[in-house]
2 protein chains.
Amino acid sequence: MARSAVKRQVNRLPPERRISDIMKAARDVFTEKGYSEALITDIAVRAGVVEGSIYRFFANKRELLVKVVELWFEELLIQDAEQFAGIRGVWNQIRFIVHTHLLSIRRDPALSRLMFQEIRPTPDYRGSRLFKLNQAYTHRLIDVVKAAIANGELRSDTSPSLVRDMVFGAIEHRTWAFLRNEGDFDPDQIADQITNMVYRGLATDRKGAVTFDTLFTRLDAATQRLEAITEPQTKKRARKTA
Amino acid sequence: MARSAVKRQVNRLPPERRISDIMKAARDVFTEKGYSEALITDIAVRAGVVEGSIYRFFANKRELLVKVVELWFEELLIQDAEQFAGIRGVWNQIRFIVHTHLLSIRRDPALSRLMFQEIRPTPDYRGSRLFKLNQAYTHRLIDVVKAAIANGELRSDTSPSLVRDMVFGAIEHRTWAFLRNEGDFDPDQIADQITNMVYRGLATDRKGAVTFDTLFTRLDAATQRLEAITEPQTKKRARKTA
DNA sequence: GAGCGATGATGAATGATGTTTATTAGTGGC
DNA sequence: GCCACTAATAAACATCATTCATCATCGCTC
């Protein structure tokens, strides 16, 4: 028939190459348009394949999304783990975790959005690979806090998992503001702020907005004055009794 | 024809009643199935109207969702504001804000999910009514923190907006865990934990897990000893000079 | 209370998209 | 050079959100 007169062009790249082409295209389209606005057609065209071909490698649109985010997250996790090993000190470790996370969000804000918006809310997230990856990621902070509690550097009545929730929650809220184009998003500054707030805490006495540092300073001063006073006194007494 | 033999039944309830029926049905279906799984047909059937009727009152499916969440959020805001006025003391105020928010999440977890998942991520959220309502809601915490900084009860180097992000971020993370059926969700306990962590902070000295309280106690002790020592001394001197 | 226009409810038709499948191009063994 | 098998293709299909031509109902007029 007329049909067979038009020869069908067939793309015969090796499967790994086709898969990576599709995933790269999917990553681009998903991040540019978001999940529901992204069309399978868009992805197929950009990958240089035909719609049907995508379904040879991915069960459906959602699986494709999950695979894309997974790949991103894995890279992020491996990359951070290497550097993290070298950090010493609780403050520095907390700050490192927060800072690197903020950096990767700034590098790929749209992927974070996909993670928060499309992946986490689904019912099957809990059993998924991404859930475990994310747990591994956030658990580093819990380990740091636990160790710091054990050696007395952080209060023993703090819940490590709550610290995790506060820190990553704060990061997330800043991220949403960033995604909404509200003001700037400075990973250095935000990391400092979050780390300080977790590390030093907020409370003061009623009088004058003191910090832990100033409390320690006052205590030191008082101790020194005590020593300075008690010393001469004992000398005086010694003289008197002498 | 055969068609006209079947008389069309027409629903002639007053518009307000139809709107509230539709919104109630929409609320049920959205919370049960989530936004994308919820079908307009489902909502129409449950509301006892026909698909087309929904579009007389709502521009599209999304607007219906927004209106549903808006209604919920408004009620929540009004209700809380009344009680809040009576609370005295920073700790109690923070704890109240956190606690009531947790209670309303436990009452309607699925609506919180819709808010976080479907509403907040959209580009038009920033200019929306819900955005303003949410700002009003979270701004109470900022006001409390600002006032507390002004009167010296909280450190002056804390960022009120960061406190907001940490508190609501922590609430949100606990909510996700709750929605995933991970363990229990006890508003009283969580509210205490969050409030304490914000209010008292985490840091200690290197030696022995001291808290702000113990630091104050030590400082008080040192001050008293100082006074106890310097007082007799001045008396002695006074006597001497006399 | 019959006729008539306006209003708005109806549900079948439309269009946009994810997914499936019958068809056909390419590949390698014999 | 034929055949069987694999895999790519693109058209067909299914699933909704959304639209719209049709018609029931109401209020008004005479």
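All figures in this text were calculated on a predicted structure; none of them were measured in a lab.

Conventions and cut-offs
- Residues numbered from 1 in each chain as written.
- Chains lettered and ligands numbered in written order.
- Predicted model: local features only at pLDDT ≥ 70, side-chain atom pairs only at ≥ 80, totals over all residues.
- Heavy atoms only, no water.
- Near = heavy atom within 4 Å.
- Polar contact = N/O pair within 3.5 Å; in protein donor to acceptor, adjacent residues only side chain to side chain.
- Helix = DSSP H or I, 4+ residues; strand = E, 2+ residues; numbered from the N terminus.
- Nonpolar A, V, L, I, M, F, W, Y, C, P; charged D, E, K, R; others polar.
- Phe/Tyr/Trp six-rings, centres within 6.5 Å; stacked < 30°, edge-to-face > 60°.
- Buried < 20%, exposed > 50% of the residue type's maximum accessible area, 1.4 Å probe, protein only.
- Lys NZ or Arg CZ within 6 Å of the ring centre and 35° of its normal.
- UniProt positions renumbered as here; feature names shortened; annotations may be inferred.
- Core = buried A, V, L, I, M, F, W, Y, C linked by side-chain atoms within 4.5 Å.
- Contact = heavy atoms within 4.5 Å.

**Q** What should I look at first to understand the protein's contact with DNA strand C in this one?
**A** By nearness alone, 20 residues border DNA strand C, and Arg8, Tyr55 and Lys61 of chain A together with Arg8 and Arg18 of chain B come closest of all. Counting only the atoms of DNA strand C that lie within 4 Å of the protein, the sugar and phosphate share comes to 73%. At a separation of 2.6 Å, a phosphate oxygen of DNA strand C approaches a polar side-chain atom of tyrosine 55 of chain A. Considering each element in turn, the surface near DNA strand C owes the most residues, four residues, to helix α4 (residues 51-57) of chain B. Of the residues contributing to the surface near DNA strand C, the split by class is eight nonpolar, five polar and seven charged.

**Q** How should the packing of aromatic side chains be read in this particular structure?
**A** Each pair of aromatic rings is reported with the distance of its centres and the angle of its planes. All names here are of chain A. Inspection of every chain in the model, using the stated rule, returns 16 aromatic pairs over all chains. Where tyrosine 125 meets phenylalanine 131, the ring centres are 5.1 Å apart and the plane angle is 85 degrees; that geometry is what we call edge-to-face. Of the two residues examined, tyrosine 125 and phenylalanine 131, each falls in the buried class. Joined through ring pairs, the aromatic side chains of Trp72, Phe73, Tyr137 and Phe168 make up one cluster. Cation over ring: arginine 140 sits above phenylalanine 84, and NZ or CZ is 4.9 Å from the ring centre.

**Q** I would appreciate a short explanation of the UniProt feature "DNA-binding region" (unreviewed entry) in chain A in the present structure.
**A** The positions UniProt marks with the feature "DNA-binding region" (unreviewed entry) are residues 39-58 of chain A. The span residues 39-58 of chain A carries 75% helix and 0% strand; its end-to-end C-alpha distance comes to 15 Å.

**Q** Would you take a moment to explain the nonpolar core for this structure?
**A** Nonpolar side chains tend toward joint burial in soluble globular proteins. In this structure, Ile194 of chain A together with Leu64 and Ile194 of chain B are the most contacted members of the largest nonpolar core, which totals 128 residues. Discounting chain neighbours no more than four positions away, the residues touching isoleucine 194 of chain B are Leu162 and Met166 of chain A together with Val98, Val167, Ala170 and Ile171 of chain B. In terms of nonpolar packing, the next biggest core, distinct from the first, is built from eight residues, Leu219, Ala222 and Ile229 of chain A together with Ile229 of chain B among them.

**Q** Whenever I open this one, the protein's contact with DNA strand D confuses me. Can you help?
**A** Among the 20 residues in the neighbourhood of DNA strand D, the closest are listed as Arg8 and Arg56 of chain A together with Arg8, Tyr55 and Lys61 of chain B. The share of sugar and phosphate among atoms of DNA strand D within 4 Å of the protein is 74%. Between DNA strand D and the protein, one listed contact pairs a phosphate oxygen with a side-chain N or O atom of serine 53 of chain A at 3.0 Å. Within the side chain of lysine 61 of chain B, a nitrogen or oxygen atom sits 2.8 Å from a phosphate oxygen of DNA strand D. Mapped onto the surface near DNA strand D, the elements with two or more residues apiece are α4 (51-57) of chain A together with α4 of chain B. With three residues, the single largest contributor to the surface near DNA strand D is α4 of chain A. Considering only residue class, the surface near DNA strand D consists of seven nonpolar, six polar and seven charged.

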